Amino acid sequence: MPLSTLLSAAVLDLVQSAAAHAGRSAAGAARGLLPEVKAVLPLLQTQSRWSHLPDGDGLLIERAQSRDGHHAFLFPFAGRLVHEGLAALVAWRIAQRQPGTFTMAATDWGFELSGREPFFTQEREWRQVLSPANLLEDLLACLNGTEMARRHFREIARVAGLVAGGRRTNRQTQASAGLIFDVLSEHDAGNMLLSQARREVLEQHFEYGRLRAAVESIAARDIRVVDTPRLSPLAFPIWAEQVQSRLTTQGWLERITAMARELEQAAGDMSS
Amino acid sequence: MKAVMNTSETPVRIECGPGGGAVAPGLQAIPDLPDILLLPGRAAFLPASRTLLAADLHLGKAAAFRRAGIPVPEGSAQQDLQRLADLVHAHDVRRLLVLGDLFHAKSGCTPQVFAEFAAFRSRVADTSVVLVLGNHDRTAGRLPASLGLDACVHVLDEPPFHFVHEPATGLTASARELFTVAGHLHPTVSVRSPSGDRLADRCFVAEPALLVLPAFGSFTGGHRIEPVERMRLWIARDDGVAEVTRLVHAARRR
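All of these numbers come straight from a predicted model, not from anything done at the bench.

Let's shift gears to the overall build of chain A. A tally of helices and strands in chain A yields 12 helices and 6 strands. For chain A, the residues scored as buried account for 34% of the 272 residues in total. Long-range contacts, defined here as pairs at least 24 residues apart, represent 74% of the contacts in chain A between residues at least 6 apart.

Below, the structure is given as structure tokens:
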């Protein structure tokens, strides 16, 4: 169940009410707060010390570095599905400037991009990759860079009878939905089932209407970029998300070469 | 990968080779020719006998699907045969050795599929074509003479090589001294990096006395290989081949 626009506004209000209390002494801070807010107050205080508390007027972006690479966390509070779409969009737009490979993770309150290179420090650069301009075109284009349509195709292929759904079939007519997706893309690019997969990802996964509303709202807000010494309390759970997707605009050999370099570096760090 | 009874330690030198496309990063110039050259396009080449090796084409698989009422487009088989003919011409191949599963199923062996293969055969008329039978070929029924296959065999021993479809079977006593080259497994490998990149693709897999080729056919599934000690792996693509042994083993140790 995604966080609705109303609910996310209410959550931000609660965070703000806590923020108003956070400056006071510990005993004073707890007074007059909902028990749930009281419980997370220490975390919110840490968040406010290392970074900022998010509010409805600005978009908070945190940059951090770990031994696995560079991370950027954005907190639009727009719901998980919208964040998944936004993450793919932003990663794709960054990777258009310079070929790169990113992993993305999303929760109801924000999303993470991680990659090998540091992310933007300037508000102006972030504003460009979060812009509502060319939104639909860019989303359709970035669908090809992710595996989202290919993954979504499984359901469609089953309904269309292209792959078996649990029922025993002849071994010689077994193929994975992914393989059929690839063969259709290569030899029957106009196939209606492929368009259906892309359309459904756009409508269901990206929730296009709400995604557009989210980027338009971001365009009207301040953007605040903060470097955090380590992952903040808001960032950590996103980083720990198990479900990640990937977007790349690099060729396979480039990626292998970069992976080899990374692993050699990691091995060097360990032995030194 | 299944256990192989092969005990040979024949030093067979495998390199991923020139001929367009990419080679492994950091690969040194090859002083003299290796015994096996891995080529872009998911095939291998034996320079000494000018033999081209390809496995698991599964021709007629799309046709078998359509016969079963599953609408899969035509085109992958023609394209695969075109790629194979291009490889034969590019490397001046004396003999093409197909390591099994040339055809997918009896229901897919339509007159059109056979005609396409015959057309391919006439395009490589100067090359002999030998099929080491695979499990799919054996159920495909009798292969007509019009295909122009020069020989169909179950195994082929040509020291130092032992050619067979399924790597774990058909090892005769003499073959244990030899280096096995096989197909059947449709190997794929997944490589990952600390920053979260992950890439899975078809691959060549080598053990001390065994090389398994990736499936040549594009409409074929894959089987993920779990790397073990002393295993070497190369990602195999239409446009290149690159060794990922160190990458796979480094990631495994993390």
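Looking only at helices and strands, chain B features 5 helices and 16 strands. Evaluated residue by residue, chain B yields a buried proportion of 47% over its 254 residues. The contacts in chain B between residues at least 6 apart in sequence include a share of 67% that link residues at least 24 apart.

Moving on, we come to the domain arrangement of chain A. Residue and element names in this part refer to chain A. Looking at the assigned domains, one finds that chain A contains domain 1 (5–144 + 205–271) and domain 2 (145–204). Using only C-alpha atoms to locate each centre, domain 1 and domain 2 end up separated by 31 Å. Contacts between the two partners involve 14 residues from domain 1 and, on the opposite side, 10 residues from domain 2. Of all the elements in the fold, those that place two or more residues in the side of domain 1 that touches domain 2 are helix 4 (80–97), helix 6 (135–145) and strand 6 (245–248). The residue makeup of the side of domain 1 that touches domain 2, split by class, is 8 nonpolar, 5 polar and 1 charged.

Our focus in this paragraph is the sheet that holds strand 4 (residues 111–115) of chain A. All names here are of chain A. Across the sheet, which stays open at both edges, the 6 strands sit in the order 5-1-2-4-3-6 with mixed pairing between neighbours. Of all strands in the sheet, those bounded by a partner on one side alone are strand 5 (222–227) and strand 6. The average angle at which neighbouring strand axes cross in this sheet is 20°, direction not considered. Judged from the 5 bridges that link them, strand 2 (residues 69–75) and strand 4 form a sheet pairing that is antiparallel. Considered in strand 4, the bridge of Ala-72 is made with Leu-113. Strand contacts of helix 4: strand 3 (101–106), strand 4 and strand 6, with the helix running at about 165° to strand 3, the strand carrying the most contacts.

Next up on the list: the packing of helix 7 (residues 148–159) of chain A against helix 9 (residues 192–205) of chain A. Residue and element names in this part refer to chain A. Interaxial distance between helix 7 and helix 9 falls to 9 Å at its minimum, and their mutual angle equals 105°. By the angle class used here, helix 7 and helix 9 are roughly perpendicular. On helix 9, the residues that touch Met-148, Ala-149, His-152, Phe-153 and Ile-156 of helix 7 are Leu-193, Gln-196, Ala-197, Arg-198, Glu-200, Val-201 and His-205. For the contact of helix 7 with helix 9, a count of residues per class yields 7 nonpolar, 3 polar and 2 charged.

Attention now goes to the interface of chain A and chain B. Across the contact, 33 residues belong to chain A and 32 residues belong to chain B. Of all the elements in the fold, those that place two or more residues in the side of chain A that touches chain B are strand 3, strand 4, helix 8 (177–187) and helix 12 (252–271) of chain A. Among the elements that make up the side of chain A that touches chain B, the one with the highest residue count is helix 12 of chain A (11 residues). A class-by-class count of the residues in the side of chain A that touches chain B yields 14 nonpolar, 13 polar and 6 charged.

Residues and elements named next belong to chain B. Judged by pairing direction, the sheet is mixed, and its 7 strands sit side by side in the order 1-2-3-4-5-6-7 without closing on themselves. The open sheet has two edge strands, strand 1 (14–16) and strand 7 (151–153), and neither has a second partner. Looking at each pair of strands side by side, their axes are set apart by 25° on average, direction ignored. Judged from the 4 bridges that link them, strand 4 (residues 51–54) and strand 5 (residues 95–98) form a sheet pairing that is parallel. Following the sheet pairing, Leu-53 is matched in strand 5 by Leu-97. Relative to strand 4, helix 2 (residues 76–90) is tilted by about 155°, and along the sheet it contacts strand 2 (36–39), strand 3 (43–46), strand 4 and strand 5.

Time to look at the confidence of the model for chain B. Residues and elements named next belong to chain B. Considering every residue of chain B, the mean pLDDT works out to 85; 85% of them sit at 70 or more. For the stretch residues 1–10, pLDDT sits under 50, and the model shows 30 contacts to residues farther than four places along the chain or on other chains. Every residue in residues 19–31 scores below 50 in pLDDT, and together they form 20 contacts with partners more than four places removed in sequence or on other chains. This complex was scored by the predictor with a pTM of 0.81 and an ipTM of 0.79.

Residues and elements named next belong to chain A. The residue Leu-135 is located in helix 6 in this model. A tally of 16 C-beta atoms within 10 Å means that Leu-135 is categorised as partly exposed. Here the alpha-carbon distance between Leu-135 and Leu-211, two residues 76 residues apart in the chain, equals 9.3 Å. Not counting the four nearest positions on each side in its chain, Leu-135 is found in contact with Arg-212 and Val-215.

Quick look at the pairing of strand 3 of chain A now. All names here are of chain A. With 6 of 6 residues buried, strand 3 is to be regarded as a mostly interior element. With 4 bridges joining them, strand 3 and strand 6 adopt antiparallel strand pairing. Paired with Phe-102 across the bridge in strand 6 is Leu-247. The pairing of strand 3 with strand 4 spans 4 bridges and is antiparallel. Note that in strand 4 the partner of Ala-106 across the bridge is Phe-111. Counting the residues that bridge the hairpin from strand 3 to strand 4 gives 4 residues.

About the thresholds
- Residues numbered from 1 in each chain as written.
- Chains lettered and ligands numbered in written order.
- Predicted model: local features only at pLDDT ≥ 70, side-chain atom pairs only at ≥ 80, totals over all residues.
- Helix = DSSP H or I, 4+ residues; strand = E, 2+ residues; numbered from the N terminus.
- Buried ≥ 20, exposed ≤ 12 C-beta atoms within 10 Å, placed from the backbone.
- Contact = placed C-beta atoms within 7 Å.
- Domains from an automatic or database assignment.
- Nonpolar A, V, L, I, M, F, W, Y, C, P; charged D, E, K, R; others polar.
- Pairing = 2+ DSSP bridges.
- Axes fitted to C-alpha atoms, helices over the stretch in contact; angles between N-to-C directions.
- Parallel < 35°, antiparallel > 145°, perpendicular 65-115°, else oblique.
- pLDDT = per-residue confidence, 0-100.

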